[in-house]
Amino acid sequence: MKLAADPLCQIRTHCKGMLPDSVAVEVDHIVPIARAPGLRLRWDNLQSACRACHQAKTWAENQGEA
Ligand SMILES: [Zn+2]
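None of these values were measured; they are calculated from a predicted model.

Caption draft 1: Summary view of the overall build of the protein chain. Of the regular secondary structure elements, the protein chain holds two helices and two strands. If you list the helices and strands of the protein chain from N to C, you get α-β-β-α. Compactness check: the protein chain gives a C-alpha radius of gyration of 12 Å against a globular reference of 11 Å for 66 residues, within 12% of the reference. Considering only C-alpha atoms, the protein chain reaches an extent of 35 × 25 × 15 Å along its principal axes. Evaluated residue by residue, the protein chain yields a buried proportion of 18% over its 66 residues. Pairs at least 24 residues apart make up 59% of the contacts formed inside the protein chain by residues separated by at least 6 positions.

Thresholds, definitions, all that
- Residues numbered from 1 in each chain as written.
- Predicted model: local features only at pLDDT ≥ 70, side-chain atom pairs only at ≥ 80, totals over all residues.
- Helix = DSSP H or I, 4+ residues; strand = E, 2+ residues; numbered from the N terminus.
- Rg over C-alpha atoms; globule rule 2.2 N^0.38 Å.
- Buried ≥ 20, exposed ≤ 12 C-beta atoms within 10 Å, placed from the backbone.
- Contact = placed C-beta atoms within 7 Å.

Quick look at the structure:
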């Protein structure tokens, strides 16, 4: 559902400037579920992400929790 509404990457940290815009293939939780389980199903906690941006964000989050 989220990818249908926002088919392009919304993070843009690793695909900025790419043409055409990166197509989102994953849905990211803006606030990680590990920190806010109650936000898991909240529409406004979702953003579409391409693989590169999503992996980078997830990696950074994991580093912060280590
Ligand atoms: Zn991206």
